[in-house]
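Commentary on secondary and tertiary structure
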Amino acid sequence: MRLEKSYRYHMSECTWRQPVGKEIYRKGTLSVYEVDGKDHKIYCQNLCLLAKLFLDHKTLYFDVEPFLFYILCEVDKQGAHIVGYFSKKTTGKKGQKQ
């Protein structure tokens, strides 16, 4: 019961309903967001730590700055729900992929 109370409190206080970054694609209820690890370091680190719960061999979670993250979400009236993501290393200049 305590966890449900904490969850309800968080939902009433938290205003985030979609990933940080910019939406680069939408079709129907699916959206893809691009998030720069340099601009949103903590968010990307947390995303990697979440993935590590499911992938034992996942090692990237501190050095996220040279990566762009692409987050696939399913969108409904409550917001965007993360379905999956992948990351791609950049060359250092913003927006250039390696």
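Residues numbered from 1 in each chain as written. Predicted model: local features only at pLDDT ≥ 70, side-chain atom pairs only at ≥ 80, totals over all residues. Heavy atoms only, no water.

**A word on the side chain of Glu34**
Here Glu34 shows up in strand β2 (residues 30-36). Side chain to side chain, Glu34 and Tyr70 meet in a polar contact 2.8 Å long. (Helix = DSSP H or I, 4+ residues; strand = E, 2+ residues; numbered from the N terminus. Polar contact = N/O pair within 3.5 Å; in protein donor to acceptor, adjacent residues only side chain to side chain.)

**A short note on the packing of aromatic side chains**
Evaluated as defined, the whole model comprises three aromatic pairs. Between Phe69 and Tyr85, the ring centres sit 5.9 Å apart and the planes meet at 35°, which makes this aromatic pair tilted. Note that Phe69 is positioned in strand β3 (residues 67-76) and Tyr85 in strand β4 (residues 79-89), a separation of 16 residues in sequence. For Phe69, a relative accessible area of 0% puts it in the buried group. Taking the relative accessible area as the measure of exposure, Tyr85 reaches 23% and is therefore partly exposed. (Phe/Tyr/Trp six-rings, centres within 6.5 Å; stacked < 30°, edge-to-face > 60°. Buried < 20%, exposed > 50% of the residue type's maximum accessible area, 1.4 Å probe, protein only.)

**A word on a nonpolar patch on the surface**
There is a patch of nonpolar side chains on the surface, built from Leu50, Leu53, Phe54 and Leu55 and spanning about 450 Å² of accessible area. In this fold, Leu53 is placed in the loop between α2 (41-52) and β3. Relative accessible area serves as the criterion here: at 66%, Leu53 is assigned to the exposed category. (Patch = residues over 30% accessible without salt bridge, like charges linked within 9 Å, V, L, I, M, F, W, Y side chains within 5 Å. Areas by Shrake-Rupley, 256 points an atom, 1.4 Å probe, with all protein chains shown as cover. Salt bridge = Lys/Arg side-chain N within 4 Å of Asp/Glu carboxyl O.)

**Side note on the pattern of salt bridges**
Pairs can form between side chains of opposite charge whenever their charged atoms are close. Following the criterion strictly, the structure yields four salt bridges and no others. Between Lys41 and Glu65 there is a salt bridge; the shortest N-O distance is 3.3 Å. You can see Lys41 sitting in helix α2 and its partner Glu65 sitting in the loop between α2 and β3, a full 24 residues away along the chain. With relative accessibility at 34%, the residue Lys41 sits in the partly exposed group.

**Let's talk about the nonpolar core**
Val35, Phe69 and Ile71 are the most contacted members of the largest nonpolar core, which totals 14 residues. Secondary-structure elements contributing two or more residues to this core are β2, α2 and β3. (Core = buried A, V, L, I, M, F, W, Y, C linked by side-chain atoms within 4.5 Å.)

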